[in-house]
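# Structure at a glance
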Amino acid sequence: MRTREYRAAGGIVVDDAHRVLLIERWVTRNYVTHHEVRLPKGHVEEGETDLQAALRETCEETGYCGLRVLADLGDTITEWTNDFEHVRRTEHYYLLALTDPVRGEPHFTSPDAEEALFRPLWVADFDEAEARLTFPSERMFAARARAIAWALGATEPEGKPAPDA
């Protein structure tokens, strides 16, 4: 069985109310329909940095393009095997602040593109994001984003001050 390797980059977006932007979709695999809640991310294209890809993919998949980088959340390797191949993906995420609440149209290569199935989903906070995300690696990044946001001086939606670093 062959192994395919690639890089992907994405963002964990927070707004002024400390909500977190996720994406959700219904997808059918092996004749079974599943509900997925994910972080926006996608392939790093030739000649593109991880940060450029994260900003582009977040904009393309959600329609929210006014973004500012708060922190680099690092990367991890995710692996899985399907019927055809073993896949090894390096995922790199950034903590992003929403700077423009106006949502544009998401950009897809075609209306039938897999990414076109995703819909933006704002959740109340990092706790809800972590609880709702489908995949463990993305839950790990949500937890990492929460810790970094607190260290940067953010507050929780209930108005509790961030823990002292």
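Above: the structure in question.
Residues numbered from 1 in each chain as written. Predicted model: local features only at pLDDT ≥ 70, side-chain atom pairs only at ≥ 80, totals over all residues. Heavy atoms only, no water.

The number of helices and strands found in the protein chain is three helices and seven strands. Order of helices (α) and strands (β) in the protein chain, N terminus to C terminus: β-β-β-β-α-β-β-β-α-α. For the protein chain, the residues scored as buried account for 43% of the 165 residues in total. When contacts within the protein chain are restricted to residue pairs at least 6 apart in sequence, those whose partners lie at least 24 apart make up 69%. Accessible surface, the protein chain: about 9000 Å² in total, of which carbon and sulfur atoms supply 51%. (Helix = DSSP H or I, 4+ residues; strand = E, 2+ residues; numbered from the N terminus. Buried < 20%, exposed > 50% of the residue type's maximum accessible area, 1.4 Å probe, protein only. Contact = heavy atoms within 4.5 Å. Areas by Shrake-Rupley, 256 points an atom, 1.4 Å probe, with all protein chains shown as cover.)

We now examine helix 1 (residues 50-62). Taking 1.5 Å of rise per residue, 13 residues should cover 18 Å, and helix 1 covers 18 Å from first to last C-alpha, within 8% of that figure. Taken residue by residue, helix 1 has Asp-50, Ala-53, Ala-54, Glu-57, Thr-58, Cys-59, Glu-61 and Thr-62 as its buried positions. The inward-facing, buried residues of helix 1 abut strand 1 (2-14), strand 2 (20-29), strand 4 (41-43), strand 5 (67-81), strand 6 (85-98) and strand 7 (119-123). (Expected span 1.5 Å × (residues − 1).)

This paragraph deals with the nonpolar core. Buried together is how nonpolar side chains tend to be arranged in soluble globular proteins. Of all hydrophobic cores here, the largest spans 19 residues; its most connected members are Ile-12, Val-20, Leu-22, Leu-39, Leu-73, Leu-95 and Phe-126. With four residues, the single largest contributor to this core is helix 3 (residues 136-151). Formed by 11 residues, the second largest nonpolar core is a distinct cluster that contains Val-44, Tyr-94, Leu-96 and Leu-98. (Core = buried A, V, L, I, M, F, W, Y, C linked by side-chain atoms within 4.5 Å.)

If you trace the backbone, Arg-19 turns up in the loop between strand 1 and strand 2. Under the relative-accessibility criterion, Arg-19 is labelled partly exposed at 34%. For the pair Arg-19 and Phe-126, spaced 107 residues apart in sequence, the C-alpha separation works out to 7.5 Å. Setting aside anything within four residues of it in sequence, one finds Arg-19 in contact with Val-13, Val-14, Trp-122, Val-123 and Ala-124. Within the structure, Arg-19 has its side chain in polar contact with the side chain of Asp-15 (distance 2.6 Å). (Polar contact = N/O pair within 3.5 Å; in protein donor to acceptor, adjacent residues only side chain to side chain.)

Note: strand 5 against strand 6, 13 bridges, orientation antiparallel. The residue of strand 6 that forms the bridge with Leu-67 is Leu-98. The hairpin formed by strand 5 and strand 6 contains three residues between the paired strands. (Pairing = 2+ DSSP bridges.)

Right, let's talk about the environment of Gly-11 for a bit. The residue Gly-11 is located in strand 1 in this model. A residue is classified by how much of its surface remains accessible, and Gly-11, at 0% relative accessible area, is buried. Spatially, the C-alpha atoms of Gly-11 and Lys-41 are 6.6 Å apart, while their sequence positions differ by 30 residues. Leave out the neighbours within four places in its chain, and Gly-11 touches Leu-39, Pro-40, Thr-58, Tyr-93, Tyr-94 and Leu-96.

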